[in-house]
Amino acid sequence: MSTVLSLLSSPLSTRRQQTDAPSPSSDRNVAGVGNAGRKGKRDAAGHSKSRRGKQKDGRNVGRKRQRTLRHHKETRKSKKRNCLRLPKRQTALLLGFCGTGCNGMQIQPNLRTIEGVLFDALVRAGAVSQDNADDPVKVGLGRAARTDAGVHAAGNLVSMKLITTIPGIKDWVGHVNSFLPPEIRVWGKVRVQNSFNARNSCDSRKYTYFFPTYLLLPPKPNTALARTLRSSSDLLTTQDKFTEPTPSKPHAFWDIPNIESTTPEEDLARKRTWRVGTDMVESLKTAARKFEGTHNFQNFTIGREYGDRSSQRHMIRIEVSDPAVYGDTEWISRKMMSALVLSCRTGTPSQIIDELYGPRMVMVPKMPALGLLLEYPIFESYNRRVAANNEKLKDPSDADYRPEIDFEVHRKAIDDFKQKYIYDNMRNTEDRCGIFDAWIRYVDSYGGNDLTYLNQRGVIPSTAVIKNSVKRPCPFREKKRFDITSLADIKQEGPLSIGDEAADEENEEGLSKASWTRWRDEELQI
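Thresholds, definitions, all that
- Residues numbered from 1 in each chain as written.
- Predicted model: local features only at pLDDT ≥ 70, side-chain atom pairs only at ≥ 80, totals over all residues.
- Heavy atoms only, no water.
- Helix = DSSP H or I, 4+ residues; strand = E, 2+ residues; numbered from the N terminus.
- Buried < 20%, exposed > 50% of the residue type's maximum accessible area, 1.4 Å probe, protein only.
- Contact = heavy atoms within 4.5 Å.
- Areas by Shrake-Rupley, 256 points an atom, 1.4 Å probe, with all protein chains shown as cover.
- Salt bridge = Lys/Arg side-chain N within 4 Å of Asp/Glu carboxyl O.
- Expected span 1.5 Å × (residues − 1).
- Bend = angle between axes of the 7 residues up to and from the residue.
- Core = buried A, V, L, I, M, F, W, Y, C linked by side-chain atoms within 4.5 Å.
- pLDDT = per-residue confidence, 0-100.
- Axes fitted to C-alpha atoms, helices over the stretch in contact; angles between N-to-C directions.
- Parallel < 35°, antiparallel > 145°, perpendicular 65-115°, else oblique.
- Nonpolar A, V, L, I, M, F, W, Y, C, P; charged D, E, K, R; others polar.
- Phe/Tyr/Trp six-rings, centres within 6.5 Å; stacked < 30°, edge-to-face > 60°.
- Lys NZ or Arg CZ within 6 Å of the ring centre and 35° of its normal.
- Pairing = 2+ DSSP bridges.

1. Brief notes about the overall build of the chain
Moving on, step 1. Assigned secondary structure in the chain consists of 15 helices and 10 strands.
Moving on, step 2. When burial is assessed residue by residue, the chain has 47% of its 526 residues classed as buried.
Moving on, step 3. Taking the contacts inside the chain whose residues are at least 6 apart along the sequence as the reference set, 77% of them involve residues at least 24 apart.
Moving on, step 4. Summing over all exposed atoms, the chain offers an accessible surface of approximately 26,900 Å²; the carbon and sulfur share of this is 50%.

This is the structure in structure tokens:
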């Protein structure tokens, strides 16, 4: 490359020498023009073309600007000549991160994001050249899955054109990680096909949602939601001529003396010692299977209408693990979950899940962000394609050989990272702040009609249906404080009050469609 640049500079130097040399013919022409008295003519610099008395220097002031431009061009070329240009390759980076303190995955101006921190580290490590350091678009930055603010990922993938051989660096991944904070790790890099697109090549995404099992307890008897559920049940029973009304008995957990006067702190201490029964776990698993397959998820998405093609999603598999106890609290691992939890804790039949796939729009409260984890994206189709190509090559050293994308190769490092930076953070934050308990009590304090689809019939009544441009009394309102994912967020937002849920309900206002549910697009593409 330096030879080419030097050749390009040669004609430029020759032309400069020819320009600077005096030209007798041009002298005569200039003098002749002046003698002809053509005073109205001006050169490029604005001077009269007569130029009397200045023929000896043979220079035109207007040409100084041309020489200055040539000088700048030569300076730029000399800088490029001194800069070593290294080859770039289309590369997939496998990474994991704790989302605490970041405003989501995707780069945003003036905000700390996962991609922003990663791209800056790649520039400082020399994996992205200084020519491309000012704009990630230049290297084609893309990601397999977005995540919201505070949400964690044990595995995610970004792709871009990177310098994969950095002079003097043997451990490329370790070198890049040395420029990253410990809560963001690159697991490995994979050379991918030039046509690879991180988002479009991704077949599915695996998520996990953790929540404490005490969320499955029914509402406290004296709460607004408990009264609404009783009223709704009595109304449905009255409408059914063949069903005799039966007095409802409180759940055994709440069947203690003076339960109405217990404080939230006292209730939470008892909740953490409660253990879910096998019957309820089986009910949860049965209801969860309703999510599998292709359905219209408009009630679980953000800002989607029933007729939108993007509302049609396919859930490959959904599993409910057996509960495990950590500290004083029993937890269940889940992958989607507000409608599932609310229907199980209120005794609503699992057929309500089928009802929610219909065209009627209802409010599904979003669960706290604390329990959500992106496990990893899956690239089965891409792996099959490169495997077929690799069979023809048979030699991994071939320039066209492409390895498969496999997070399991890094399983030990990923599991250690999850335990230290994600699981421990989740449990410690819940133990210290009781976010899940505050959320479920906030739901229980709601006394409007938005949640009346939680009933013994498993049907959506007209009172729960949301219609566009129709203002409804006492709508359910989401609270930003339940997006807290760490103790650091508590320090920024202020302490999480757990006794003001009823007071919040007195000031309910209208709610935009965008804030109706947690279930983000990536969650429903698994």
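2. Focus: the pattern of salt bridges
Moving on, step 1. Overall, the coordinates contain 20 salt bridges when judged by the stated rule.
Moving on, step 2. Here Glu-115 makes a salt bridge to Arg-143, at a shortest N to O gap of 2.6 Å. Of this pair, Glu-115 sits in helix H4 (residues 114-125) while Arg-143 sits in strand S2 (residues 142-143), and the two are 28 residues apart along the sequence. Accessibility classification places Glu-115 together with Arg-143 in one group, the buried group.
Moving on, step 3. Bridged by salt links that share partners, the residues Glu-375, Glu-408, Arg-411, Asp-415 and Lys-418 form one connected network.

3. Observations regarding unusual backbone geometry
Moving on, step 1. One non-glycine residue with positive phi stands out, namely Ser-469, at about 65°.
Moving on, step 2. Mapped onto the fold, Ser-469 is located in the loop between helix H13 (435-444) and helix H14 (487-493).
Moving on, step 3. Its relative accessible area of 84% is what places Ser-469 among the exposed residues.
Moving on, step 4. The backbone of Cys-474 shows a phi angle near 50°, a positive value even though the residue is not glycine.
Moving on, step 5. The residue Cys-474 is located in the loop between H13 and H14 in this model.
Moving on, step 6. Cys-474 gets classed as partly exposed once you look at its relative accessible area, which sits at 32%.

4. Structural notes on helix H12 (residues 411-433)
Moving on, step 1. In this model, H12 (23 residues) spans 31 Å end to end at C-alpha, consistent with the 33 Å of a helix rising 1.5 Å per residue.
Moving on, step 2. A bend of about 40° at Gln-419 is the largest found in H12.

5. A word on the nonpolar core
Moving on, step 1. In terms of nonpolar packing, the biggest core is built from 117 residues, with Leu-122, Leu-157, Phe-211 and Ile-405 touching the most fellow members.
Moving on, step 2. With eight residues, the top contributor of residues to this core is H4.

6. Digging into the confidence of the model for the chain
Moving on, step 1. On average, the chain scores 77 in pLDDT, and the residues at 70 or more come to 71%.
Moving on, step 2. Taking the mean pLDDT of every element in the chain, the minimum, 35, falls on helix H1 (residues 2-20) and the maximum, 96, on strand S4 (residues 184-191).
Moving on, step 3. Counting contacts from residues 1-38, a segment whose pLDDT is below 50, to residues more than four positions away or on other chains yields 26 contacts.
Moving on, step 4. Taken as a whole, residues 241-246 scores under 50 in pLDDT and shows three contacts with residues more than four places along the chain or in a different chain.

7. So, the side chain of Gln-193
Moving on, step 1. Secondary-structure assignment places Gln-193 in the loop between S4 and strand S5 (204-212).
Moving on, step 2. On the basis of relative accessibility, which here comes to 16%, the residue Gln-193 falls in the buried class.
Moving on, step 3. In this structure, Gln-193 is in contact with Gln-90, Tyr-382, Arg-385, Val-386, Asn-389 and Arg-402, ignoring residues within four places of it in sequence.

8. Points about the packing of H12 against H13
Moving on, step 1. Relative to each other, H12 and H13 sit at 60°, their axes nearing to 6 Å. When the axes of H12 and H13 are compared, the pair comes out oblique. On H13, the residues touching Thr-429, Glu-430 and Cys-433 of H12 are Ile-435, Phe-436 and Asp-437.
Moving on, step 2. Of the residues assigned to the contact of H12 with H13, the class counts are three nonpolar, one polar and two charged.

9. Notes on the packing of aromatic side chains
Moving on, step 1. Applying the stated criterion to the full structure yields 13 aromatic pairs.
Moving on, step 2. An aromatic cluster of at least three residues, connected via ring pairs, comprises Tyr-442, Tyr-446, Phe-476 and Phe-482.
Moving on, step 3. Over the ring of Tyr-442 we find Arg-481; its NZ or CZ atom is 5.8 Å from the centre of that ring.

10. Thoughts on H13
Moving on, step 1. Counting buried residues in H13 gives 10 out of 10 residues, a clear majority hidden from the surface.
Moving on, step 2. Among all positions in H13, only Ile-435, Phe-436, Asp-437, Ala-438, Trp-439, Ile-440, Arg-441, Tyr-442, Val-443 and Asp-444 are buried.

11. As for the environment of Arg-432
Moving on, step 1. Tracing the backbone through its elements, the reader meets Arg-432 in helix H12.
Moving on, step 2. As a C-alpha pair, Arg-432 and Ser-486 span 54 residues in sequence and 9.9 Å in three-dimensional space.

12. Regarding the pairing of strand S3 (residues 152-162)
Moving on, step 1. Burial runs high along S3: 10 of the 11 residues are buried.
Moving on, step 2. Pairing of strand S1 (residues 89-97) with S3, which is carried by eight bridges, proceeds in the antiparallel orientation. Note that in S3 the partner of Phe-97 across the bridge is Ala-153.
Moving on, step 3. Of the strand pairs in this sheet, S2 and S3 are connected by two bridges, and their pairing is antiparallel. Among the inter-strand pairings, Gly-142 is bridged to a residue of S3, identified as Ser-159.
Moving on, step 4. The sheet contact formed by S3 and strand S10 (residues 372-378) spans two bridges and is parallel. Note on S10: the bridge partner recorded for His-152 is Leu-373.

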